[in-house]
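# Fold and geometry: a report
Each chain, written out:
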Amino acid sequence: MPTTLKRPRNSVTVQYAVPRRGVPAAAALVRWARAASPARSLTLRIVDMREGRALNRRFRRRDRATNVLSFAYGGEGDIVLCHPVVAREARAQGKALRAHYAHLVVHGVLHLRGHGHDDKPSARRMEAREIRILRRLGFGDPYTVESSRPA
């Protein structure tokens, strides 16, 4: 009988496919992911533009890098964050990079849990969950620039 290896519940693995300069530490990324889903095992991967674009093209048929992609499978999941896109968005929106990363990690984990934003009621529910989780983590409302900086 073949042996299957399972990760322990709520294990979070962080992979850096970019230099770590400017990217939040693994401990912070893990804490933000667990705040959104303490029971889910997942991998967070921080990528460059090339990998982000290739994944978005392959899985979403969009020929550009995007800030976050979520892939759910068998109670686990992968979240891919494209560092150059996240950094560019934070600058453009006047947000602290750390706050924007926290928001996108929480956003990605909520997608893994089945939450979406395809219609206004779903979007409002998902945004409210994000705001509650981020507030518990010490961040402001990510949908208002003035309060998106850490408290």
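Please refer to the structure higher up on the page.
Everything in this summary refers to the structure shown in the same document. What you see is a predicted model, and the numbers here were worked out from it, not measured in a lab.

Before going further, it helps to examine the overall build of the protein chain. The number of helices and strands found in the protein chain is 5 helices and 4 strands. Secondary structure elements of the protein chain, listed N to C terminal, follow the sequence β-α-β-α-β-β-α-α-α. Among the 151 residues that make up the protein chain, the fraction classed as buried is 45%. For the protein chain, restricting intrachain contacts to residue pairs at least 6 apart in sequence, the fraction spanning at least 24 positions comes to 57%. With the model as given, the accessible surface of the protein chain reaches about 8,700 Å², and the carbon-plus-sulfur share is 51%.

Here we take up the nonpolar core. Among the nonpolar cores identified, the biggest contains 33 residues, and Leu29, Trp32 and Leu44 are the most heavily contacted of them. Sorting elements by how many residues they give to this core places helix α4 (residues 97-112) first, with 9 residues. Among the nonpolar cores identified, the runner-up in size contains 7 residues, and Ala65, Leu69, Cys82 and Val85 belong to it.

Before going further, it helps to examine the sheet that holds strand β2 (residues 41-47). What the 4 strands build is an open sheet, ordered β1-β2-β4-β3; its pairing is mixed. Each end of this open sheet is capped by a strand with a single partner; those strands are β1 (12-16) and β3 (68-73). Going across the sheet, the axis of each strand differs from the next one's by a mean of 15°, ignoring polarity. Note: β2 against strand β4 (residues 76-82), 7 bridges, orientation parallel. Within β4, the position partnered with Ile46 by the bridge is Leu81. Strand contacts of helix α3 (residues 83-93): β2 and β4, with the helix running at about 60° to β4, the strand carrying the most contacts. Where α4 meets the sheet, it contacts β2, β3 and β4, and its direction lies at approximately 145° from that of β4.

Put simply, α3 and α4 touch, their axes get as near as 9 Å, and they point 120° apart. Here α4 runs oblique to α3, going by the angle between their axes. Judged by the twist between their axes, the crossing of α3 over α4 is right-handed. Mapping the contact onto sequence places His83, Val86, Ala87, Glu89, Ala90 and Gln93 in α3 and Leu97, His100, Tyr101 and Leu104 in α4.

Here is what the cut-offs are and how they apply
- Numbers given for residues are sequential positions, taken from 1 along each chain in its written order.
- Only residues with pLDDT of at least 70 are given local features in this predicted model, and only at 80 or more are side-chain atom pairs given and counted; all residues enter the totals for whole chains, interfaces and linings.
- Computation of side-chain values: all heavy atoms of the structure, hydrogens and water removed.
- The helix and strand labels rest on DSSP assignments: H or I over at least four residues marks a helix, E over at least two residues marks a strand, and numbering proceeds from the N terminus.
- Note on classification: 1.4 Å probe, protein chains only; a residue is buried when its accessible area is under 20% of the maximum for its type, exposed when over 50%, partly exposed between these limits.
- Residues are treated as being in contact if the distance between any of their heavy atoms lies within 4.5 Å.
- Areas reported as accessible are Shrake-Rupley estimates using a 1.4 Å probe. Residue values count occlusion only from the protein chains shown.
- Take the buried Ala, Val, Leu, Ile, Met, Phe, Trp, Tyr and Cys residues and link them wherever side-chain atoms come within 4.5 Å; each set so joined is a nonpolar core.
- When DSSP finds two or more bridges between a pair of strands, those strands are recorded as paired.
- Axis definition: a line fitted to C-alpha atoms, limited for helices to the stretch in contact. Angles are taken between N-to-C directions and run from 0 to 180 degrees.
- Angular relationships are summarised with four words: roughly parallel below 35 degrees, roughly antiparallel beyond 145, roughly perpendicular across 65 to 115, and oblique for the angles in between.
- Handedness of a helix crossing follows the sense of rotation of the near helix relative to the far helix, less than a right angle counterclockwise being left-handed and clockwise being right-handed.

Read these as geometric descriptors, not functional statements.
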